[in-house]
Each structure stands twice: as C-alpha cells, then as structure tokens.
Amino acid sequence: MELIHGTHKASKFAPQDFITNMPDNVVTNILGRLPLRDAVRTSILSRNWRFKWTMLSQIVIAASFFGYLSQTSYRNNRVRVIDRILLHVRGAITKFFLSIDEVIDDEDINHWILFLSRKGIKDLTIKNWYVTPLKLHTHLFSCLELKHLTLSNCYFNPPPTFHGFPNLLSLNLSVVFEENTELGPFFTRCPLLESLTINDCRKVGKVKLIEIAKLENLKMLSLILHDPDFEMIKSSGTILGSLAKLQELYLDFKDCHVRLK
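Just so you know, these numbers come straight off a predicted model, no measurement behind them.

### Examining the pattern of salt bridges
Working definition: two side chains of opposite charge can pair if their charged atoms are close together.
Okay, step 1: Evaluation of the coordinates by the stated rule reveals five salt bridges.
Okay, step 2: Glu 194 serves as the salt-bridge partner of Lys 219, at 4.0 Å between the closest nitrogen and oxygen. With Lys 219 in the loop between helix 7 (209–212) and strand 10 (220–226) and Glu 194 in the loop between helix 6 (183–188) and strand 9 (195–200), this residue pair connects regions lying 25 residues apart in the sequence.
Okay, step 3: For Lys 219, a relative accessible area of 34% puts it in the partly exposed group.
Okay, step 4: Its relative accessible area of 30% is what places Glu 194 among the partly exposed residues.

Here is the structure:
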C-alpha cells in the first residue's frame, strides 16, 4: 500500500468491522439466541459491545444458569447477580423465563415479579422443580399486559382485588390451588383466553367445567384432574361441547373412583 506523509492509506477493499457496525435490531436478535451468560459475556468483545446485552427484551434464566454461578465467585450472590442483570436492561422486558431446582427465597422472586410488572412483561414463565411450592405475591396479578402465563409448582390464589388479565391469550397452570381460590371469577376476567392448560397438583378440586365453558374464545383445552367426581365426568361432553371455537381437547382424569350402580 502507498504511504502518504507518513500515514497509512487505507484501501477501498480493506475489510470493514461488520461486528461493530451491526444495526441494533440485528445485535439483539443474535443476543436473544444465546444463553444469558454468553449474552452478558459479549461485553468483553469491545468497548462498543460493552452494553449491547442491556438491549435484551427477553430474559431466560434456566436452572443451569444457577449451576454455572455456583461454580464461580458469585456462588453466594446468585440472587444479586440476577438483580443487577434486570436493573441494567434498558427498555421493556417482554419475556421472562425462570426455572429453578434449588431453594430461592420467595421474596426475591416476588421482587423480580414486581420489577417486571413495571417493565411491560407480556410472557412470564416460572417453573419450580424444587419440592416446596413457591408462594407468589399479589404482584403477579398486577402484570396487566400479560399475554402468556405459565406457572409450575406455585401456590395460586388471585386476590379479591384482581380485575383481570385483559390481554391474556394462554394460561398454563400446574399449581397448588389454595382452599379459598375462586377460579370462576378469575376466568371471566380473562376474556381473550384461547389456550388453557391446568394440572390440579394437590387434588383440591377447584376446577369446574361449567366455569371453563364460559370462556368463549377458548381454542385449546388440556385438563389433568385428580379424583374428579362422577358428575363432572358424566357431564364433561355436554358442557365442553358448548365451546364453539374449541379445536383441541385433552382430558386426563386421574385417580378416578367411579361407583357403578
């Protein structure tokens, strides 16, 4: 190459730094496909990439992430790490997926839910693989922009002040219904619900088909019910047959004891 006045003249064919100059929407698309720890670690690529990961709108925290932290210097500060990640995200967090298989304080998770309720959360999944169910705070029911909600091994009891999830499209509950849980009013306050999956884990018997039949927009229904009464089984076809938009149906009646006369 030609040198002019002691400087290096760049060729028009010199390679460009495409990584540094990628549009933000491309960057976030790439980061969203990486495990969270790898997305955060892109901050060491260059000064320009230091805070690119903070543009993430979808946060996925799998059980393996806690396992990874337990092998680092953050093993005693895992909750604080997640706190800092959430606080550093610049814009809305539209999706949050949390899967845990160890003891995490309920209050820490409830703190995250409160934070998410103010960040425009639309898709929330909490899967608890630990033995003890999580006791979620009523903050959950203030996430009014939710479109998709999945809860596993949590206590579920909407408060009397709950006014509904007006945008909810899909609901997946594998939960413990508390004794005073009223699902009828809850369903009527989710008018757009199209997909409903329920596993009544503790055989409380809170699920009533007559209440589900009021969901006029329901397209997919999956129910796993433990020890249902005979009248529910007998009337299931007639009641659920009134769901005009229903396209998929799965019924599993477990521990069913029917006495034939």
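### Observations regarding the packing of aromatic side chains
Okay, step 1: Inspection of the entire model under this criterion finds ten aromatic pairs.
Okay, step 2: Ring plane angle 20 degrees and centroid distance 5.5 Å describe the contact between Phe 162 and Phe 186, whose orientation is recorded as stacked. Linking Phe 162 in the loop between strand 7 (148–156) and strand 8 (170–177) with Phe 186 in helix 6, this pair joins segments that are 24 residues apart in sequence.
Okay, step 3: Overall, Phe 162 belongs to the buried group, its relative accessible area being 3%.
Okay, step 4: What makes Phe 186 buried here is its relative accessible area of 1%.
Okay, step 5: Summarising the aromatic geometry, the rings of Phe 165 and Phe 186 are spaced 6.2 Å apart at their centres and angled 85 degrees between planes, so their arrangement reads as edge-to-face. Of this pair, Phe 165 sits in the loop between strand 7 and strand 8 while Phe 186 is found in helix 6, placing the two residues 21 residues apart along the sequence. In terms of burial, Phe 165 and Phe 186 fall into one category: buried.

### Observations concerning the packing of helix 3 (residues 63–70) against helix 4 (residues 78–88)
Okay, step 1: Contact pair helix 3 / helix 4: the axes reach a minimum separation of 10 Å and the direction vectors enclose 115 degrees. Considering only the axes of helix 3 and helix 4, their crossing is right-handed. Contacts between helix 3 and helix 4 involve Phe 65, Phe 66, Leu 69 and Ser 70 from the first element and Arg 78, Val 81, Ile 82 and Ile 85 from the second.
Okay, step 2: Residues that form the contact of helix 3 with helix 4 fall into these classes: six nonpolar, one polar and one charged.

### Let's talk about the pairing of strand 7
Okay, step 1: With seven of nine residues buried, strand 7 is to be regarded as a mostly interior element.
Okay, step 2: Of the pairings in the sheet, the one linking strand 5 (residues 123–128) to strand 7 comprises five bridges and is parallel in character. What sits directly across from Leu 124, in strand 7, is Leu 149.
Okay, step 3: Note that strand 7 and strand 8 share seven bridges and pair parallel. For Phe 156, the partnering residue across the bridge sits in strand 8 and is Phe 177.

### Thoughts on a nonpolar patch on the surface
Okay, step 1: A cluster of nonpolar side chains, namely Val 26, Ile 30 and Leu 34, defines an oily patch on the protein surface of about 190 Å² accessible area.
Okay, step 2: Mapped onto the elements of the fold, Val 26 is located in helix 1 (residues 24–31).

### Re helix 3
Helical geometry: 3.6 residues make up each α-helical turn, so side chains three or four residues apart lie on a common side.
Okay, step 1: Taken together, the buried positions of helix 3 are Ala 63, Phe 65, Phe 66 and Leu 69. The buried residues of helix 3 occupy one face: seen down the axis, they fall within an arc of 160 degrees.

### Some thoughts on helix 5 (residues 106–117)
Okay, step 1: For helix 5, built from twelve residues, the straight-helix expectation of 16 Å at 1.5 Å per residue is met to within 8% by its first-to-last C-alpha distance of 16 Å.
Okay, step 2: Among all positions of helix 5, only Ile 109, Asn 110, Trp 112, Ile 113 and Leu 116 are buried. Here the buried residues of helix 5 occupy an arc of 155 degrees about the axis, which is enough to place them on one side.
Okay, step 3: Summarising the contacts, the buried residues of helix 5 are in contact with helix 4, strand 4 (95–100), strand 5 and strand 6 (134–135).
Okay, step 4: Of the residues flanking the start of helix 5, the one acting as N-cap is Asp 105, its side-chain oxygen 2.7 Å from the backbone nitrogen of Glu 107.

Reading the values: the criteria
Residues numbered from 1 in each chain as written. Predicted model: local features only at pLDDT ≥ 70, side-chain atom pairs only at ≥ 80, totals over all residues. Heavy atoms only, no water. Salt bridge = Lys/Arg side-chain N within 4 Å of Asp/Glu carboxyl O. Helix = DSSP H or I, 4+ residues; strand = E, 2+ residues; numbered from the N terminus. Buried < 20%, exposed > 50% of the residue type's maximum accessible area, 1.4 Å probe, protein only. Phe/Tyr/Trp six-rings, centres within 6.5 Å; stacked < 30°, edge-to-face > 60°. Axes fitted to C-alpha atoms, helices over the stretch in contact; angles between N-to-C directions. Left-handed = near helix turned anticlockwise from the far one by under 90°. Contact = heavy atoms within 4.5 Å. Nonpolar A, V, L, I, M, F, W, Y, C, P; charged D, E, K, R; others polar. Pairing = 2+ DSSP bridges. Patch = residues over 30% accessible without salt bridge, like charges linked within 9 Å, V, L, I, M, F, W, Y side chains within 5 Å. Areas by Shrake-Rupley, 256 points an atom, 1.4 Å probe, with all protein chains shown as cover. Arc of directions from axis to C-beta. Expected span 1.5 Å × (residues − 1). Polar contact = N/O pair within 3.5 Å; in protein donor to acceptor, adjacent residues only side chain to side chain.

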